[in-house]
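Given next are the chains, with one letter for each unit.
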Amino acid sequence: MTTLVDTFEAERPRLLHVAYRLTGSVADAEDAVQEAWLRLARTETGIDNLQAWLTTVVSRLCLDRLTSAVARRETYVGQWLPEPVVTPVEGSADPLAAVVQQEDNRLAALVVLDVLPPDQRVAFVLHDAFGVPFAEIAEVLSIEPANARQLASRARKAVADPPPPVDDEEHDAAVGRFLAAMASGDLDAVLATLHPDALMIGDSNGTTSTAAQVVRGADKVARFYLGLLRRYGPDSLGAMQPAMVNGQLGVVSRGWTGETEKLSSPARIGGFTVRDGLVWATYDVANPEKFSGVRLPDWPVRP
């Protein structure tokens, strides 16, 4: 006999996908799904469509968290990135690992959603990514269906299309060339691995050094990274280890200790987006509050 727990657990991966796509936060997504279970367990009346009911509950909870995130970002230091999901290269049975295999949960796809107000993000994601009818979206947002449709339309116009996805082989090769060029310390070699429109986004909330503003253009990105290499020395590259970051090859560092505090670094996560066989974007996540999605053994920091 199928129990309520069994039914909910069958829905959990889909709900995690919805919640992570809506919030870009592992912690918020997991909390929303768990709260949905608690509400379901307390519900005494019958539910005609459990999947729709759970989607509505999770979406409302995510809307609340998105609204709170807007307030937090007003005092946030520097740039804001989604919380990455980090798993071992050899694979993981964690439900989040399956979630980020979806192309719409890659870092580049999540970054473009951060420009949207919470209500537009909810309407756009629920309808365009998950096919939720506008009548149900309107219930989540406490508005009329026509207004929900209008919010989704505005969101489509506001978001820039992320680079088209590339296969894992092309991604891995491009990242490998970039890291090898970095190890050489040669500016021309690094430039040859970067897309002309390359950008670098750092996120530390002032807890450690990273780029305070988005670094744009291949030349500036290359010089930025080579400047870091000169500052920290070759040990900084040696501290980087491969890992899967939102389903694609990235790097992690558990941190290193230099001769002085300025030459040391805490743990951090590096993600990449590849376009036309070249590294188009690099992401440096060093805010420990955004490490909820790290699923690596012996990871030194827990948020």
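Reading guide: rules and limits
Residues numbered from 1 in each chain as written. Predicted model: local features only at pLDDT ≥ 70, side-chain atom pairs only at ≥ 80, totals over all residues. Heavy atoms only, no water. 1 Å grid on protein atoms, 1.4 Å probe; cavity = no way out; pocket = protein on both sides within 12 Å on 5 of 7 lines; lining within 4 Å. Points joined across faces, edges and corners; volume = space filled by probe spheres on them. Helix = DSSP H or I, 4+ residues; strand = E, 2+ residues; numbered from the N terminus. Core = buried A, V, L, I, M, F, W, Y, C linked by side-chain atoms within 4.5 Å. Buried < 20%, exposed > 50% of the residue type's maximum accessible area, 1.4 Å probe, protein only. Axes fitted to C-alpha atoms, helices over the stretch in contact; angles between N-to-C directions. Parallel < 35°, antiparallel > 145°, perpendicular 65-115°, else oblique. Left-handed = near helix turned anticlockwise from the far one by under 90°. Contact = heavy atoms within 4.5 Å. Expected span 1.5 Å × (residues − 1). Polar contact = N/O pair within 3.5 Å; in protein donor to acceptor, adjacent residues only side chain to side chain. Phe/Tyr/Trp six-rings, centres within 6.5 Å; stacked < 30°, edge-to-face > 60°. Arc of directions from axis to C-beta. Salt bridge = Lys/Arg side-chain N within 4 Å of Asp/Glu carboxyl O.

Engineer: Mind laying out empty space enclosed by the protein, listing which residues take part and the relevant values?
Structural biologist: Under the counting rule described, the total for this entry stands at 1 cavity of 30 Å³ or more. The computed volume of the largest cavity comes to approximately 40 Å³. Taken together, Arg106, Leu107, Ala108, Val245, Asn246, Gln248, Leu249, Gly271, Phe272 and Thr273 make up the lining of the largest cavity. Going through the elements one at a time, helix H5 (107-113), strand S5 (248-253) and strand S6 (268-275) are the ones with two or more residues in the lining of the largest cavity. Residue contributions to the lining of the largest cavity peak at 3 residues, all from S6.

Engineer: Describe the nonpolar core, and please don't skip the residues or the numbers.
Structural biologist: One finds Tyr20, Val122, Leu126 and Ile137 to be the most contacted residues of the largest nonpolar core, which totals 45 residues. Looking at this core, the elements that each hand over two or more residues are helix H1 (4-23), helix H2 (26-42), helix H3 (50-73), helix H4 (95-99), H5, helix H6 (118-130), helix H7 (134-141) and helix H8 (145-158). For this core, the element with the highest residue contribution is H3, accounting for 8 residues. Formed by 23 residues, the second largest nonpolar core is a distinct cluster that contains Ala211, Leu226, Leu249 and Val279.

Engineer: Help me get a handle on the packing of H1 against H6, residues and values and all.
Structural biologist: Contact geometry for H1 and H6: axes closest at 10 Å, N-to-C directions at 135°. What the angle tells us is that H1 and H6 run oblique. H1 and H6 meet at a crossing whose hand is right-handed. Together, His17, Val18, Arg21, Leu22 and Thr23 of H1 and Arg121, Val122, Val125, Leu126, Ala129 and Phe130 of H6 make up the contact between the two elements.

Engineer: I'd like a rundown of H2, residues and numbers included.
Structural biologist: Look at H2: 25 Å from first C-alpha to last across 17 residues, which is about the 24 Å you get at 1.5 Å a residue. For H2, the complete set of buried residues consists of Val26, Asp28, Ala29, Ala32, Val33, Ala36, Trp37 and Leu40. Where H2 is buried, its residues contact H1, H3 and H4. Sitting at the head of H2, Ser25 places a side-chain oxygen 3.5 Å from the backbone nitrogen of Ala27.

Engineer: If you had to explain the packing of aromatic side chains to someone new, which residues and values would you point to?
Structural biologist: Aromatic ring pairs are described here by two measures, namely the spacing of the ring centres and the angle between the planes. Per the stated rule, a full pass over the model turns up 6 aromatic pairs. A centroid spacing of 5.8 Å and a plane angle of 75° characterise the contact between Phe178 and Tyr225, whose relative ring orientation is edge-to-face. Taken together, the residues Phe178 in helix H9 (residues 168-184) and Tyr225 in helix H11 (residues 218-232) connect sequence positions 47 residues apart. Phe178 sits in the buried class, given a relative accessible area of 3%. On the accessibility criterion, Tyr225 (16% relative accessible area) is buried.

Engineer: Residue-level account of H11, with values.
Structural biologist: Quick reminder: α-helices carry 3.6 residues per turn. Residues three or four places apart thus point the same way. For H11, with 15 residues, the first-to-last C-alpha span of 21 Å sits near the 21 Å given by 1.5 Å per residue. Within H11 the residues assigned to the buried category are Ala218, Val221, Ala222, Tyr225, Leu226, Leu229 and Tyr232. An end-on view of H11 places all buried positions within 135° of arc, on one side of the element. Away from its buried face, by an angle of more than 90 degrees, H11 presents the exposed residues Lys220 and Arg230. Against the buried residues of H11 lie H9, helix H10 (187-191), strand S2 (194-203), strand S3 (215-216), helix H12 (235-238) and strand S7 (278-285). Looking at the residues trailing H11, positive phi occurs at Gly233, about 85°.

Engineer: Which residues make up the pattern of salt bridges, and what values go with them?
Structural biologist: In total, this model carries 13 salt bridges according to the counting rule given. As a salt-bridge pair, Arg295 and Glu30 come within 2.5 Å of each other at their nearest N and O atoms. Of this pair, Arg295 sits in the segment after S7 while Glu30 sits in helix H2, and the two are 265 residues apart along the sequence. The exposure class assigned to Arg295 is partly exposed, which follows from its relative accessible area of 22%. When its relative accessible area of 30% is taken as the criterion, Glu30 is described as partly exposed. Bridged by salt links that share partners, the residues Glu30, Asp94 and Arg295 form one connected network.

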